[in-house]
Amino acid sequence: MSFRIKRVAVLGSGVMGSGIACHLANVGMDVLMMDLPTDGAKRNLIADNALSASIKSKPAPLYKKDFASRITTGNFEDHLPGIADVDWIIEVIVERADIKKSLYEKVEQYRKPGTLITSNTSGIPLATLAEARSEDFKKCFCGTHFFNPARYMSLLEIIPQPETSEDVIAFFMKFGDEVLGKKTVLCKDTPAFIANRIGFFTGNKVTELTDALELTIVEVDKLTGDAIGWPSTGSFRLLDLVGLDTSVKVTEGVVKSVPEDEYVRKIKDRPMPAHMKFLLDNKFLGNKSGQGYYKKTDQKDENGKSIIYGLNLKTLEYGPTEKPNIPSLGLAKKIEIMSKRLKALIEADDKGGAFLKAFFGGLFAYASNRIPEISDNIYSIDDAMKAGYAWSYGPFEYWDMLGFEYGLSLATSQGESLPEWIHKKKESGNLDFYQSEGGILKYYDLGSQAYLPIPGAIGLIHLSNFSEQTPVIKNTECTVHDIGDGVMCLEFTSKANAIGEGIGQGLAEAIDLAENGNWKGILIGNNAKNFSVGANLMAVGMLAMQNDWKALEAMVHGFQQINMRMRYSKVPVVIGTQGYVFGGGCEMSMHADAVVAGAESYIGLVEVGVGLLPGGGGTKEFALRASDSYFEGDTQIPTIIDKLKTIATAAVGTSAHEAFDYGYLLPERDTVCVGTHRVLAEGKDKVLSLSEGYVPPSPKKVTVLGRTGLGALYTAINEFYLGKFMSQHDVDIARKIAYVLCGGDLTAQQEVSEQYLLDIEREAFLELLGTQKTQERIQFMLMNNKPLRN
Amino acid sequence: MMNAYIIEGRRSAVGKAKRGGFRNFRSDDLAVIIIKDLVAKTGIDPQMVDDIIVGCANPEGEQGLQIGRNISVRALGKEVPGFTINRYCASGLEAISIAVAKINAGMGECYFAGGTESMSLVPMTGYKMAPSYQASMENLNYHVSMGATAEAVGKKWNITREESDVFALRSHQLAAAAIQAGKFNDEIVPVEVTEVFVKDDKRVESTHTVAMDEGVRADTSLEALAKLPAVFKNGGIVTAGNSSQTSDGSAFVLVMSERLMNSLGLSPKARLAACSVAGVDPLYMGIGPCAAIPKALAQSGLKLSDVGLIELNEAFAAQSLAVIKEAGLDPEIVNVNGGAIALGHPLGCTGAKLSIQLLHEMERRGTKYGMVTACVGGGQGIAGIFEKL
């Protein structure tokens, strides 16, 4: 059986329903979103209001605002017959089995046989929901559990019930991954499924240890944040974000439904911690109530930032937060490699060490004891925690990092008992949980006690899986991997993936090798959160302050030349992006033969923020793209004003789709890949397809407008100034951008070479760099990590 | 009624559109130069100017944003207003007639009036040619290309290809002779043009001067003209050789009340004795002068035979010949220094430019009454009669 999905009905328009509807619209679905009817003329008011609130919410649920036109609203009384025409019905109504079941009864009246139907329930057994349904309904019914916000959280749990057809499950596992861009994880119909079940343990264990070791909330947030590869919020700040009531509800649900769970047995009779009770009693539920474990005050610090108070867990009073008193945290900061850092933290002879020993020991035991209860394999649990809770590593990956024996001893020393399969594993001598071989990640399979490729990951590329292979090229800023089939992948390894001379050299060497050897092409990409934050600002700022203009000129020239080399090299160079693709990163991508942009790519030429213009060919490229877009009879001016605005306001696309509107991506050249985890694989495919009969592009002449454009641009810039949208320095920068975009003060439109534009772009870049205000901006950015408006 | 007088008039040379010396020169920049020159030549205080009236046939793009004001603020200062008028090819003459009428009516005493046009920079149909659907349903001939109207006129008035080419040749020969004789020297303001372009990836500046009308081909011949194909109609008579040239140019006159003129001690060159416009069938646009001339004569109380010199704008040879025939003009006094076929036709500027040319020739000849007349796109004609003082 095969399913083709274009029209989807979303039943329920709450935060989750609207979020899911928007994400379905993001990937090109026509969505019918319904909720209860209201009295009066506007029968769809609930769904209408939910949709407009959702569209306004931050972070934006839609890749582009106009995708909202793909969603129509309705109500259960008037529009339920509409589900006869849809390919998939997803129910996202209130978490009450009786209400869901009665809606399903109505759905059965209109649903065509064979139409997929799923529930987004996070707690009700799917088997319960399927009761009393027709055979066809049951065959097509399963759980599809999204996480909030649906666009950004990459986990999709797929939960079969006993009668769900295999085809339906297989379909959703693939569809969720390839079309919705999610990490699909196959779950069992067990309470809270996988992510929230491990999350239940994690949250409660953290609180338990916090109290037992008398730690402060700040200490715990530091211990459970960046230090161990978890979201930088840490545990308590995350709790404020999610809402204490929500988290307590999950705990209650698990406690009620799995009394035999060893951790449930431990905590079920334990009184709720005083601080938690205090917050619940006072309805201090977190950000949504204005305060929770943390509280924003009206006071400001010397930098104008609001002072945040924290709850003292003993006195239950809010007060200024104190620096954590955990020496190991400071030491660990200096250790780049996670496995070494984690071990150092755990072994530390301080409160932090004690906390993490107990936590990880408990986590390893709890996670391994959940197999086969919640899953038959380790990777599902790891995937769920990474995708659903944004952990950088899953429980078994942490265990691998520390070593099997070490992890085992952590667990046993906490008095935890471990399942039989762990003991068997020890006996088998196959101690790793994962092994990578030739770039393919394999997991330890409990049944066969052997290492097997992860089904959903076949064909995907994760560069860490190539770490044991000798790199083709390696320097301090990048590594070039052989990712097979004649394709090289250049991975940035510099801090924040900043682009410096090392990356330029690495790329030049890679192109040399590829052009003279048996390579098909080059992919530039990585698995980091951000493709690149831009050029190495520290290096630029230092040289400017030292007045070393010769070195600066050489550096900027070098970056321009490598970008040009990339474009005109005899092998295809493709760039795969995700996260921030800023400044120099954006300029590189504009010079590639193609970009495979993860939908969550935030692309922009942001140089203005540090007082510069794009100097690596980015401004030239905008002039070229404007030129390419001109047609016979075109008035041209609106185009060039648009290009100026984009650079001069440092516009960043809030999705790859928006980047097309800004002109950072080109429809005839670049593509969007919904799932970030698929970007490198698609990038490699792109290299291979381009390599068939590859002919490098010929240099293009660029039509620049000269004074005709400059007059208009200078006038437009003055508007920004008069409207106080630009400071005087912003104006100075914008005028330089305008100058380059127009090819200088040429009397009239003329065709010029890319090199001419690069020369005037470089000159303008260096001129700006010589101004005090630009140097102040650079300094401010380096110190505060945010732009200065001077 | 306050009397109005033309004190002085100056113009730029007429450049060949897209190929000539003004191909990159904006028409507002050019107008500023001409008006500043007139101020210098007459010695008037810019602050006494009541208004600048600028004719422009395609006031958009580089000529947009109300070009009249853009010229006045730069040429005479922010206190002096300026506005734009458009009656296509009659604009420059219409501007003068408005200045005269305003002074006659006591609304002001001192005006610069004329026209400016860059056909190099702004396309003749504008950037968005969008005639009314309703109009197109009522009569498709409301909007017909100028060449097609010339063919229609030629057919209706039985003009041949050969006589058209002869007329064109005459235009070139007379213009060449006029230039040779230095007849335009006094009326033209030479303009120095500095241009910046990229050559071999480097910014390069160059300078040239535009001091004489560029369109004249002294060496053309009937044979050469006969070789040109008809461009607007299969088997038609209108060719690139017997049509006016697309051009860039700027021309203005200073118009003053008698009172102000006397108080400044200036002397008049001429007065505009009459100026009339009239409509004709848009398909036969080129015959427009035949409707306007009788009105202007009636207005001035003159007979056609009183008029000793005529500048008939040569939009097309076919149209000019039809007008001469139909209105009964004496070919000997028409376009004695050549016309637009040789000298160019910078649309909105043309009416003022022809007026200046006419006044200079009247002075040379001692002619009392002279006429400027032109057909106007959309089916109109204009005729202005000047009296030499």
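The rules behind these values
- Residues numbered from 1 in each chain as written.
- Chains lettered and ligands numbered in written order.
- Predicted model: local features only at pLDDT ≥ 70, side-chain atom pairs only at ≥ 80, totals over all residues.
- Helix = DSSP H or I, 4+ residues; strand = E, 2+ residues; numbered from the N terminus.
- Rg over C-alpha atoms; globule rule 2.2 N^0.38 Å.
- Buried ≥ 20, exposed ≤ 12 C-beta atoms within 10 Å, placed from the backbone.
- Contact = placed C-beta atoms within 7 Å.
- pLDDT = per-residue confidence, 0-100.
- Pairing = 2+ DSSP bridges.
- Axes fitted to C-alpha atoms, helices over the stretch in contact; angles between N-to-C directions.
- Core = buried A, V, L, I, M, F, W, Y, C linked by C-beta atoms within 7 Å.
- Domains from an automatic or database assignment.
- Nonpolar A, V, L, I, M, F, W, Y, C, P; charged D, E, K, R; others polar.
- Right-handed = clockwise from strand over helix to strand, strands pointing away.
- Expected span 1.5 Å × (residues − 1).

Student: Just checking my understanding: could you explain the overall build of chain B for this structure?
Tutor: Looking only at helices and strands, chain B has twelve helices and 13 strands in total. For 389 residues, the compact-globule estimate of 2.2 N^0.38 gives 21 Å, and chain B sits close to it at 20 Å. Overall size of chain B, expressed as C-alpha extent along the three principal axes, is 65 × 60 × 50 Å. The buried share of chain B, reckoned over its 389 residues, is 56%. For chain B, long-range pairs separated by at least 24 residues make up 81% of all intrachain contacts whose partners lie at least 6 apart in sequence.

Student: Help me out: how do you make sense of the confidence of the model for chain B in this one?
Tutor: Low pLDDT marks stretches whose predicted atomic positions should not be read closely. Summing up the model confidence of chain B, the mean pLDDT is 97 and the portion of residues at 70 or higher is 100%. The ipTM value of the predicted complex is 0.92, and its pTM value is 0.92.

Student: Even after reading the chapter, I still don't get the sheet that holds strand β4 (residues 88-91) of chain A, so can you show me in this structure?
Tutor: Residue and element names in this part refer to chain A. An order of β3-β2-β1-β4-β5-β6-β7-β8 is seen for the eight strands of this open sheet, with the pairing classed as mixed. Either end of the sheet is taken by a strand with one partner, and the two such strands are β3 (71-75) and β8 (183-186). Shown here is a sheet whose adjacent strand axes are inclined to one another by a mean of 25 degrees, direction ignored. In this structure, strand β2 (residues 30-35) lies alongside β3, joined through five bridges in parallel fashion. Looking at the pairing, D35 lines up with N75 of β3. Sitting on the sheet, helix α7 (residues 166-178) is in contact with β5 (116-119), β6 (141-146), β7 (155-160) and β8, with an inclination near 175 degrees to β7.

Student: Before we go on, may I ask you to explain the nonpolar core in this structure?
Tutor: Where a protein is soluble and globular, its nonpolar side chains tend to be buried together. The biggest cluster of nonpolar side chains holds 228 residues, and the ones touching the most others in it are V10, V31, I89, M488, I522, I737 and A738 of chain A. The contact partners of I89 of chain A, leaving out residues within four places of it in the chain, are A9, L11, I83, V107, R111, T115, L116 and I117 of chain A. L76, M362, A374 and I385 of chain B belong to the second-largest nonpolar core, a separate cluster that totals 120 residues.

Student: What am I meant to see in the domain arrangement of chain A here?
Tutor: Bring the parts together and some accessible area is lost; that lost area is often taken as the interface size. Residues and elements named next belong to chain A. On domain assignment, one finds that chain A holds domain 1 (7-186), domain 2 (195-429) and domain 3 (473-774). Of note, the centres of domain 1 and domain 2, computed from C-alpha atoms alone, are 32 Å apart. Taken together, the contacts link ten residues of domain 1 with eight residues of domain 2. Those elements giving two or more residues to the side of domain 1 that touches domain 2 turn out to be β7 and β8. The greatest single-element share of the side of domain 1 that touches domain 2, amounting to three residues, is contributed by β8. Within the side of domain 1 that touches domain 2, the residues separate by chemical class into five nonpolar, three polar and two charged.

Student: Is there a simple way to explain the pairing of β2 of chain A in this structure?
Tutor: The two faces of the sheet receive side chains in turn, since in a regular strand these alternate between them. Residue and element names in this part refer to chain A. Within β2, five of the six residues are buried, leaving the element largely enclosed by the surrounding structure. As judged from the five bridges shared by strand β1 (residues 7-11) and β2, these two strands associate in the parallel manner. Paired with A9 across the two strands is L32, which belongs to β2. Regarding the hand of the β-α-β motif, the stretch spanning β1, helix α1 (residues 15-26) and β2 is right-handed. In this region the chain leaves β2, passes through helix α2 (residues 45-56) and returns to the parallel neighbour β3; the handedness of that crossover is right-handed.

Student: Quick question: what am I supposed to make of the interface of chain A and chain B here?
Tutor: Each partner contributes residues to the interface: chain A has 13 residues there, and chain B has nine residues. Secondary structure elements with two or more residues in the side of chain A that touches chain B: β23 (750-752) and α31 (754-769) of chain A. In terms of residue count, α31 of chain A provides more of the side of chain A that touches chain B than any other element does, three residues in total. Partitioned by chemical class, the residues of the side of chain A that touches chain B number four nonpolar, seven polar and two charged.

Student: Help me understand the environment of L347 of chain B in this model?
Tutor: Residue and element names in this part refer to chain B. You can see L347 is positioned in helix α12 (residues 347-365). Each C-alpha atom of the pair L347 and C89 lies 4.7 Å from the other, and the pair is 258 residues apart in sequence. Contacts of L347, omitting those with residues within four sequence positions, involve A57, Y88, C89, E117 and M119.

Student: Would you mind showing me how to read the environment of K424 of chain A here?
Tutor: Within the secondary structure layout, K424 of chain A lies in helix α20 (residues 420-428). Overall, the presence of 12 C-beta atoms within 10 Å leaves K424 of chain A in the exposed class.

Student: Could you clarify how one ought to interpret the sheet that holds strand β21 (residues 671-673) of chain A in this entry?
Tutor: Hydrogen bonds along the backbone pair up the strands of a sheet, which may run parallel or antiparallel. Residue and element names in this part refer to chain A. The seven strands lie next to each other as β15-β16-β17-β18-β19-β20-β21, forming an open sheet whose pairing is mixed. Two strands in the sheet have a free side with no partner beyond their single neighbour: β15 (473-474) and β21. As defined by bridge partners, β15 adjoins strand β16 (residues 478-482) across two bridges and the pair is classed as antiparallel. Pairing of I473 across the sheet is with V480, part of β16. Lying on the sheet, helix α24 (residues 583-591) is in contact with β18 (521-524), β19 (573-582) and β20 (594-604); it crosses β19 at an angle near 155 degrees. Across the sheet, helix α28 (residues 679-691) touches β17 (487-492), β18, β19, β20 and β21, and the angle it forms with β19 is around 150 degrees.

Student: Can you help me understand α12 of chain B in this one?
Tutor: Since the α-helix turns once every 3.6 residues, residues separated by three or four places project in the same direction. Residue and element names in this part refer to chain B. Taking 1.5 Å of rise per residue, 19 residues should cover 27 Å, and α12 covers 27 Å from first to last C-alpha, within 8% of that figure. Of all 19 residues that make up α12, 15 are buried, and the element is covered over most of its length. Taken from the residues just after α12, G366 is the one with a positive phi, measuring 70 degrees.

Student: Teacher, can you tell me more about the pairing of β5 of chain A here?
Tutor: All names here are of chain A. Of the two faces of β5, the one carrying L116 and T118 and the one carrying I117 and S119 are both buried. Alignment of β4 against β5, held across four bridges, turns out to be parallel. Bridge pairing in β5 links I90 to T118. For the handedness criterion, the β-α-β arrangement of β4, helix α4 (residues 97-110) and β5 is classed as right-handed. Where β5 meets β6, three bridges bridge the pair, whose relative direction is parallel. In the sheet register, I117 faces β6, and the bridge partner there is F141.

Student: For this particular structure, what's the right way to read helix α10 (residues 234-242) of chain A?
Tutor: Residue and element names in this part refer to chain A. α10 sits mainly inside the fold: eight of its nine residues count as buried. All of the buried residues along α10 are G234, S235, F236, R237, L238, L239, D240 and V242. Tucked into the core, α10 has its buried residues touching α8 (195-212), α9 (217-223), α11 (244-257) and β9 (294-300). G243, located one to two residues past α10, shows a positive phi value of around 105 degrees.

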